[in-house]
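Each chain, letter by letter, is given below.
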Amino acid sequence: MRVLVLGRGRVGRSLAAALQEAGIAHDLAPGAEPPAPALTAAADVVVVAVPDQALPAVAAGLTGTPLPEGGGVVHASGALGLGVLAPAGTVVGSFHPLQPFPEVRGAEAFRGATVAIDATTPALLARLEALAVAIGARPRHVPDEQRTLYHAAAVLASGCVVALAARAQRVLEGLGWPADDALAALLPLMDGTVENLRVQGLPAALSGPLRRGDDATVARHVAALGDAGDALGRDTYITLGRTAVQLAGELGIDPTALARVTDGLDAAVAR
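Source: prediction; values computed, not measured.

## A word on the overall build of the protein
Scanning the protein from N- to C-terminus turns up 11 helices and seven strands. At 23 Å, the protein has a C-alpha radius of gyration far larger than the 18 Å of a compact globule built from 271 residues. Along the first, second and third principal axes, the C-alpha atoms of the protein reach 70 × 40 × 35 Å. Here the protein holds 271 residues, and the buried ones make up 37% of them. Relative to all contacts within the protein whose residues are 6 or more apart in sequence, the contacts with residues 24 or more apart total 63%.

Structure, rendered in structure tokens:
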């Protein structure tokens with residue numbers, strides 16, 4: 001297999017690094033201009049690794065591009081379906097690594113990660129599955145009709161976690177903590193929580209007053225956030241608190257205690 005990666009941004013260069021370590025023949029070319037015909041003619045898979053908003057233009061630029069028999073063009077978007085690649089031909093697919101790339105990362109970013117794949121032909125789907133396995137990832141077929149919810153789950157588990165850390169940091173900043181000190185205090189806590197998730201899974205990794213059904217402590221938290229003028233932090237606590245109560249219920253925590261927590265959260269919303 002030979003792979004052509006179009007796009008020299010964070011994802012494209014990271015994927016090229018993973019292909020290099022796996023010993024997979026590949027080329028890396030800019031995504032902003034049509035690739036040389038000699039490159040596409042030699043590529044079994046062309047991976048378009050550009051921002052979502054640039055995909056339609058890149059796909060249009062690939063119209064009539066020569067590919068080997070059975071070769072296909074795939075994008076690396078998590079949110080978009082296969083239709084965006086229609087100008088590039090009928091053999092198209094997607095190859096989305098379920099990983100954040102705020103910067104160029106090495107081959108280790110793909111090891112053990114899930115890669116969402118889809119394709120218009122069984123042959124290309126099998127090729128993408130083999131490609132994911134070759135770079136140490138776990139392929140998962142995610143068809144178009146599942147794409148939006150799949151990507152929403154990814155955002156909840158990644159971008160929203162960063163946003164949650166920012167909210168917690170700002171609560172501590174409100175107490176006079178320097179921003180760097182606040183984040184430095186929170187990161188080991190978040191690391192420990194992720195490790196608990198890895199080892200214990202859900203719902204066992206849940207901890208704190210929401211797991212215990214401690215309605216008095218939860219009520220004080222909600223009130224304090226409101227008194228501090230942090231309406232967004234208060235609303236975030238309430239929303240996530242509801243999910244935590246559901247998890248606590250799965251753990252067999254006293255339903256009466258959990259009902260008191262839920263009632264307190266409901267009352268806070270009503271105020």
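## Some words on the packing of helix α9 (residues 215–227) against helix α10 (residues 231–250)
Helix-helix packing: each pair is described by the crossing angle between the helix axes and the interaxial distance. At their nearest, the axes of α9 and α10 sit 8 Å apart, and the two run at 155° to each other. The angle between α9 and α10 places the two elements in the roughly antiparallel class. You can see that α9 and α10 cross each other, and the crossing is left-handed. In this structure, α9 contributes Val-218, His-221, Val-222, Leu-225 and Gly-226 to the contact, and α10 contributes Gly-233, Arg-234, Tyr-237 and Ile-238. Of the residues that constitute the contact of α9 with α10, the class distribution is five nonpolar, three polar and one charged.

## Focus on the UniProt feature "domain: Putative oxidoreductase/dehydrogenase Rossmann-like" (unreviewed entry) in the protein
Under the feature "domain: Putative oxidoreductase/dehydrogenase Rossmann-like" (unreviewed entry), the UniProt entry names residues 38–88. Between the C-alpha atoms that bound residues 38–88 there is a distance of 16 Å. The span itself is 22% helix and 16% strand.

## A word on the sheet that holds strand β5 (residues 92–97)
Picture the strands of a sheet paired through backbone hydrogen bonds; they go either parallel or antiparallel. Pairing is mixed in the open sheet, where seven strands are placed in the order β2-β1-β3-β4-β5-β6-β7. Every interior strand has two partners, whereas the edge strands, β2 (25–29) and β7 (138–141), have only one. The mean inter-strand angle of the sheet, taken between neighbouring strand axes irrespective of direction, is 25°. Against the sheet, helix α1 (residues 10–22) touches β1 (2–6), β2, β3 (45–48) and β5, its axis set at about 160° to β2. Sitting on the sheet, helix α4 (residues 122–134) is in contact with β1, β3, β4 (72–75), β5, β6 (114–119) and β7, with an inclination near 165° to β6.

## Focus on the domain arrangement of the protein
Segmenting the protein into domains produces domain 1 (3–144) and domain 2 (156–270). A C-alpha centroid distance of 38 Å is found between domain 1 and domain 2.

## Looking at the UniProt feature "domain: DUF2520" (unreviewed entry) in the protein
UniProt's feature table lists "domain: DUF2520" (unreviewed entry) at residues 115–242, given in the numbering used throughout. As annotated, residues 115–242 comprises 70% helix and 7% strand, and the C-alpha atoms at either end are separated by 30 Å.

## Let's talk about α9
The end-to-end C-alpha distance of α9, which contains 13 residues, comes to 18 Å, matching closely the 18 Å that a straight helix rising 1.5 Å per residue would cover. Along α9, the residues that are buried comprise Thr-217, Val-218, Val-222 and Leu-225. Across the axial projection of α9, the buried residues extend over an arc of 135°, all falling on one side. Facing away from the buried side of α9, by more than 90 degrees, are the exposed residues Arg-220 and Asp-227. Just downstream of α9, Gly-229 is the residue with a positive phi angle, here 80°.

## As for the environment of Arg-167
Mapped onto the secondary structure, Arg-167 falls in helix α6 (residues 159–173). Along the backbone, Arg-167 and Ala-132 are 35 residues apart, and their C-alpha atoms lie at a distance of 35 Å. With near-sequence residues (within four places) excluded, Arg-167 lies in contact with Asp-230, Leu-232, Gly-233 and Thr-236.

## Observations regarding α1
Across its 13 residues, α1 extends 19 Å between first and last C-alpha, which sits within 8% of the 18 Å expected from 1.5 Å per residue. Among the residues of α1, those classed as buried are Gly-12, Ser-14, Leu-15, Ala-16, Ala-18 and Leu-19. Where α1 is buried, its residues meet β1, β2, β3, β5 and α4. Looking one or two residues past α1, Gly-23 carries a phi angle of roughly 75°, positive in sign.

Rules behind the numbers
- Per chain, the residues get numbers from 1 upward, laid out in the order the sequence is written.
- Reporting of local features is limited, given that this is a predicted model, to residues whose pLDDT is at least 70; pairs of side-chain atoms are given and counted only at 80 or more, and all residues count toward the totals for whole chains, interfaces and linings.
- Note that the side-chain values use all heavy atoms of the structure and ignore hydrogens as well as water.
- Think of it this way: any DSSP run of H or I at least four residues long counts as a helix, any run of E at least two long counts as a strand, and we number them from the N terminus.
- C-alpha atoms define the radius of gyration, and 2.2 Å times the number of residues to the power 0.38 defines the globule rule.
- Exposure categories follow from relative accessible area, calculated using a 1.4 Å probe and restricted to protein chains: below 20% of the type maximum is buried, above 50% is exposed, and the middle band is partly exposed.
- The contact rule is simple, with two residues in contact once any of their heavy atoms fall within 4.5 Å.
- Every axis corresponds to a line fitted to the C-alpha atoms, with the helix fit spanning only the stretch in contact, and the corresponding angles, defined between N-to-C directions, vary from 0 to 180 degrees.
- Here the word oblique covers every angle except those under 35 degrees (roughly parallel), over 145 (roughly antiparallel) and from 65 to 115 (roughly perpendicular).
- Here a crossing is called left-handed whenever its near helix is offset anticlockwise from the far helix by less than a right angle, and right-handed whenever the offset is clockwise.
- In this classification, the charged set is Asp, Glu, Lys and Arg, the nonpolar set is Ala, Val, Leu, Ile, Met, Phe, Trp, Tyr, Cys and Pro, and all remaining amino acids, among them Gly, are polar.
- UniProt positions are given in the numbering used here, feature names are shortened, and annotations may be inferred rather than shown by experiment.
- When DSSP locates at least two bridges between a pair of strands, those strands are taken to pair.
- In this document the domain limits rely on a domain assignment from an automatic tool or a database.
- To estimate how far a helix should reach, multiply one less than its number of residues by 1.5 Å.
- By definition, the arc is the one covered by directions from the helix axis to the C-beta atoms.

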